Structure formats: structure tokens, C-alpha cells
Amino acid sequence: MINRRNFIKTTTLAGVGLGLTSYAMAGNSGAQGKRVGIIGLDTSHSIAFTKALNGADAGRQFKGYKVVAAYPKGSLDIQSSVDRIEGYTEQIQTYGVEIVGSVDELLTKVDVVLLETNDGRRHLEQALPVLKAGKRMFIDKPMAASLADAMAIFEASRHYGVPTFSASSLRYIKGMDDVKSGAAGKVLGAEAYSPCKTEPSHPDFFWYGIHGVETLFTAMGVGCQTVVRITTEDTDVAVGTWKDGRIGSFRGLRAGKGDYGGTIFGEKSIVKLGSYNGYNPLLEDIIHFFETGEVPVQPAETLEILAFMEAADLSKKKGGIPVSVEAVVKKAEKESKKAIRF
């Protein structure tokens, strides 16, 4: 299991650019073909990725990978997601995709997997057989509906020696390339915003606010120590304080115009982010990962994003007081030990 000491250690390593070396090396074995399988046809992402890969105009950057099979389920009790399955199942078949009756059947027909189920509560259950089968896998947002489940997935990834990663396409928002290249100098702080619709089955930010939170962490990196959240019916503001004194904030929008963006405060310049850059930048990274086993987002960063969101939820429940990220991690560690057994 992931323990608090290892989580903090790997977070520190990722922060200085070393990442999880042993984890990355686990990707030296894996993909032996270009057949992609999809789990979950309850999200438009499944169709968008299939259209990009299987369309007649599929770009060379996708290296010939094609979606060949899909398992539709998917959410079981989130009605807005369940209602999409039939239509998306029909639509994806127009791209030559075979519909199968189980995850196990899917794994006999594909080399790599896109786990697209909209319901993060099902991700641990559906990810385990994929990892056990030795298939590299991308897990769409949210990686899980809890930090504990995400820890368990990464533990299974290490146990089976099969890399996996999760990311939002808002990590690739326009303007972020300049920030990551260092054009603005050291990032001294950041503000990010996105729509923040909620779903009762998930912690508030996990359902949709994760897009803006991931934008924030893409700019700031890891090292957040405390989170405080202010919430009203229409708006959320979560402010994190990083261990080096930097401050980053996420604004979740539930009224007025919904959009994605942010402001990055650098030593050399202030960068305005936006707008949404589409799915292709993320899909290119996914295909590179399928080819090489090299994860573009380290587990430590993904776990800290989820810890930030859980800390924000706890701050809301406690009336807006600061919550320790480390304390959230420690609690999730205990829960993760109950979530998986090998």
C-alpha cells in the first residue's frame, strides 16, 4: 500500500523533476499492438477519442492506433450518464467498433485500454483486471471518486508492473506551453477557473471542477500543504498554500458563463490562459504512453490533485477552515489498505 511517508517522498521527487523512477521503468514491457479498447460508453470522450483515432483523417501523430472494441458499462446509477449509453453505443459502431459483453471479453481483443466510465466509483473495480492482464491503460477524469481508490489503483499498477496515468484535457489549455517552457520564469502563483457542476455520488470537485484544479496543478506543481474553501450556491473558491509559500487558487463556476482559463503569475511575466485546446493534445500523450510506457503525469501529482479536492471538501464541511493535505493523505492511506488485496 501507499503510505504517507512514501507519498510525501514521491511528491518531493516529482517536484524536482525526478518523478517515480522505478514506476516509469515498469513501462518497458507492455503494448505489443495498436488495438485500443474502451471501457465505458457513457461519456462523449469515448466518441471524441474514437473519431480522432478511427476517422479517415486520423493524423500520423496517432501512430495507427485504432479503437476496435468497447464495453458499454459505464455508470450504473447516475441517470445522466446511463441515459447516454445506448446512443453512444450505436454511434461508436459506425466507426467499426465491436461491442462486447464484459471487461474480460474486451481484454482478449485489445492491446491497450481507455477507461472512460464516467463514474469514478467504478474505476478501481474496472482497472484491476486491465492491470492484471498487463495492458497499459489511460484513466479518464476523475481517476477515482476518492483519493483512497486512486492510491489502490497505483498500488496495483506497481504490483503488476504495468504503468497507468490519468489526466484532464485542460492540462493542455492554450498558454500552458509557455508556462511549462519557463517563458514566464518561475511560477510564483496561479489562479484557475472552470465550470464546477456537482454530482451527489462524488465529492464536489471530482465530478467537473477537477478540470480547473488540474490546470492549477499543471502550472504550480506539487507541494500544496493546506487548502481552504469558500462556497456559495453559485461559486466555489479553494485556495491552496504551497510549502514554499506560493499560493494557488481554483474558482468553480455554477452560474453565468461557464468557461476555462486562468492567470499564471511568473517572475518574468503574467500569462493569461485560455481557451480550451481540444482533446488531441491529451490523446497524443496517451498514444505516446501506449507506445513507450512513459507516463506524462506522475502518480504523485495525480494523487496530490485528488488530495487537494478532498481537503477542499473537508474545509467546506468544517465551515471554511484550512485543512492539512497531509492529514487527508494519512486518512486515505488507511482506507486504501481496505480497498485492495493481492
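It should be noted that the structure appears before, not after, this text.
Residues numbered from 1 in each chain as written. Predicted model: local features only at pLDDT ≥ 70, side-chain atom pairs only at ≥ 80, totals over all residues. Heavy atoms only, no water.

*Asks:* Explain the overall build of the chain to me, please; I cannot follow it from the model alone.
*Replies:* Assigned secondary structure in the chain consists of 12 helices and 13 strands. Rg of the C-alpha trace for the chain: 19 Å, near the compact-globule value of 20 Å for 342 residues, within the 12% margin. Counting only C-alpha atoms and orienting by the principal axes, one finds that the chain spans roughly 50 × 45 × 40 Å. For the chain, the residues scored as buried account for 55% of the 342 residues in total. For the chain, the exposed surface amounts to about 14300 Å²; the carbon and sulfur share of it is 49%. Here the chain holds 41 positive side-chain charges and 39 negative ones, and the gap between their average locations is 5 Å. (Helix = DSSP H or I, 4+ residues; strand = E, 2+ residues; numbered from the N terminus. Rg over C-alpha atoms; globule rule 2.2 N^0.38 Å. Buried < 20%, exposed > 50% of the residue type's maximum accessible area, 1.4 Å probe, protein only. Areas by Shrake-Rupley, 256 points an atom, 1.4 Å probe, with all protein chains shown as cover. Lys, Arg positive; Asp, Glu negative; His and termini not counted. Charge placed at Lys NZ, Arg CZ, Asp CG, Glu CD.)

*Asks:* Sorry, what's going on with the sheet that holds strand S11 (residues 261-266) here?
*Replies:* The strands making up a sheet are joined through hydrogen bonds of the backbone, oriented either antiparallel or parallel. Read across the sheet, seven strands follow the order S12-S11-S7-S10-S9-S8-S13 without closing on themselves; strand pairing throughout is mixed. The open sheet has two free edges, formed respectively by strand S12 (270-273) and strand S13 (323-324), since each of these has just one partner strand. Of the pairings in the sheet, the one linking strand S9 (residues 235-242) to strand S10 (residues 247-253) comprises seven bridges and is antiparallel in character. Note that in S10 the partner of Val239 across the bridge is Ser249. Against the sheet, helix H9 (residues 204-220) engages strand S7 (187-195), strand S8 (224-231), S9, S10, S11 and S12, with an angle of about 155° to S7. Along the sheet, helix H11 (residues 299-317) contacts S8, S9 and S13; its crossing angle with S8, the most-contacted strand, is approximately 45°. (Pairing = 2+ DSSP bridges. Contact = heavy atoms within 4.5 Å. Axes fitted to C-alpha atoms, helices over the stretch in contact; angles between N-to-C directions.)

*Asks:* Even after reading the chapter, I still don't get the environment of Val237, so can you show me in this structure?
*Replies:* Looking at the secondary structure, you find Val237 in strand S9. Setting aside residues no more than four positions away along its own chain, Val237 makes contact with Val228, Arg229, Ile230, Phe250 and Arg251.

*Asks:* Would you take a moment to explain the sheet that holds strand S1 (residues 35-39) for this structure?
*Replies:* Reading across from one edge, S3-S2-S1-S4-S5-S6 is the order of the six strands in this open sheet, with parallel pairing throughout. Either end of the sheet is taken by a strand with one partner, and the two such strands are strand S3 (98-99) and strand S6 (164-166). Relative to strand S4 (residues 112-115), S1 runs parallel, the two being bridged by four bridges. Paired with Gly37 across the two strands is Val113, which belongs to S4.

*Asks:* Please clarify how unusual backbone geometry should be interpreted in this entry.
*Replies:* Generally, phi is negative for residues other than glycine and the peptide bonds are trans, each holding for most cases. Cis geometry marks the peptide bond from Lys73 to Gly74; its omega dihedral reads 5°. Tracing the backbone through its elements, the reader meets Gly74 in the loop between strand S2 (66-71) and helix H4 (79-93). Omega for the bond connecting Lys141 with Pro142 falls within 30 degrees of zero, at -15°, which places this linkage in the cis form. Following the sequence through the fold, Pro142 ends up in the loop between strand S5 (136-139) and helix H7 (147-160). At Lys63, a residue that is not glycine, the phi angle is positive and equals roughly 55°. Mapped onto the elements of the fold, Lys63 is located in the loop between helix H3 (44-54) and S2. What makes Lys63 partly exposed here is its relative accessible area of 40%.

*Asks:* Would you take a moment to explain the pattern of salt bridges for this structure?
*Replies:* Between side chains of opposite charge, a pair can form as their charged atoms come close. Enumeration over the complete set of coordinates arrives at 17 salt bridges. With a shortest N-O distance of 2.5 Å, Asp77 and Arg121 are connected by a salt bridge. Of this pair, Asp77 sits in the loop between S2 and H4 while Arg121 is found in the loop between S4 and helix H6 (123-132), placing the two residues 44 residues apart along the sequence. Overall, the relative accessible area of 53% leaves Asp77 in the exposed class. On the accessibility criterion, Arg121 (34% relative accessible area) is partly exposed. The residue Lys109 makes a salt bridge to Glu98 at a minimum N-O spacing of 3.4 Å. One end of the pair, Lys109, is in the loop between helix H5 (103-107) and S4; the other, Glu98, is in strand S3, and 11 residues separate them in sequence. (Salt bridge = Lys/Arg side-chain N within 4 Å of Asp/Glu carboxyl O.)

*Asks:* I'm lost on the state of the cysteines in this one. Help?
*Replies:* Tallying each qualifying case throughout the model produces zero disulfides. Looking at Cys196, it has no disulfide partner, and the nearest cysteine sulfur is the one in Cys224, 16 Å off. Cys224 gets classed as buried once you look at its relative accessible area, which sits at 6%. (Disulfide = S-S within 2.5 Å.)

*Asks:* Teacher, can you tell me more about helix H10 (residues 280-292) here?
*Replies:* Since there are 3.6 residues in each turn of an α-helix, residues three or four apart along the chain are aligned in direction. Given a rise of 1.5 Å per residue, 13 residues ought to cover 18 Å, and the 18 Å separating the end C-alpha atoms of H10 matches this to within 8%. Along H10, the residues that are buried comprise Leu282, Leu283, Ile286, Ile287, Phe289 and Phe290. Here the buried residues of H10 occupy an arc of 155° about the axis, which is enough to place them on one side. Here the buried face of H10 lies against H3, S4, S5 and S6. Positive phi shows up at Gly293, right after H10, with a value of about 80°. (Expected span 1.5 Å × (residues − 1). Arc of directions from axis to C-beta.)

*Asks:* Honestly, the packing of aromatic side chains in this entry has me stumped. Any pointers?
*Replies:* Any aromatic ring pair is given by two values, namely how distant the centres are and how the planes are angled relative to each other. Considering all chains together, one arrives at 11 aromatic pairs under this definition. Centre to centre, the rings of Phe205 and Phe250 are 5.1 Å apart; their planes meet at 80°, and the pair counts as edge-to-face. Taken together, the residues span a long stretch of sequence, with Phe205 in helix H9 and Phe250 in strand S10 at a distance of 45 residues. On the basis of an interplanar angle of 45° and a centroid distance of 5.3 Å, the ring pair of Phe217 and Trp242 is categorised as tilted. A residue pair is termed long-range when its members are at least 10 positions apart, and Phe217 in helix H9 and Trp242 in strand S9 qualify at 25 residues. For the pair Phe217 and Trp242, a shared accessibility class is recorded, and that class is buried. Within the aromatic cluster, the residues linked to one another by ring pairs are Phe49, Tyr65, Phe138, Phe165, Tyr260, Tyr276, Tyr279, Phe289 and Phe290. For the cation-ring pair, Lys141 lies above Trp207, with the distance from its terminal atom to the ring centre recorded as 5.9 Å. The aromatic ring of Tyr208 is capped on one face by Lys197, whose charged end is 4.6 Å from the ring centroid. (Phe/Tyr/Trp six-rings, centres within 6.5 Å; stacked < 30°, edge-to-face > 60°. Lys NZ or Arg CZ within 6 Å of the ring centre and 35° of its normal.)

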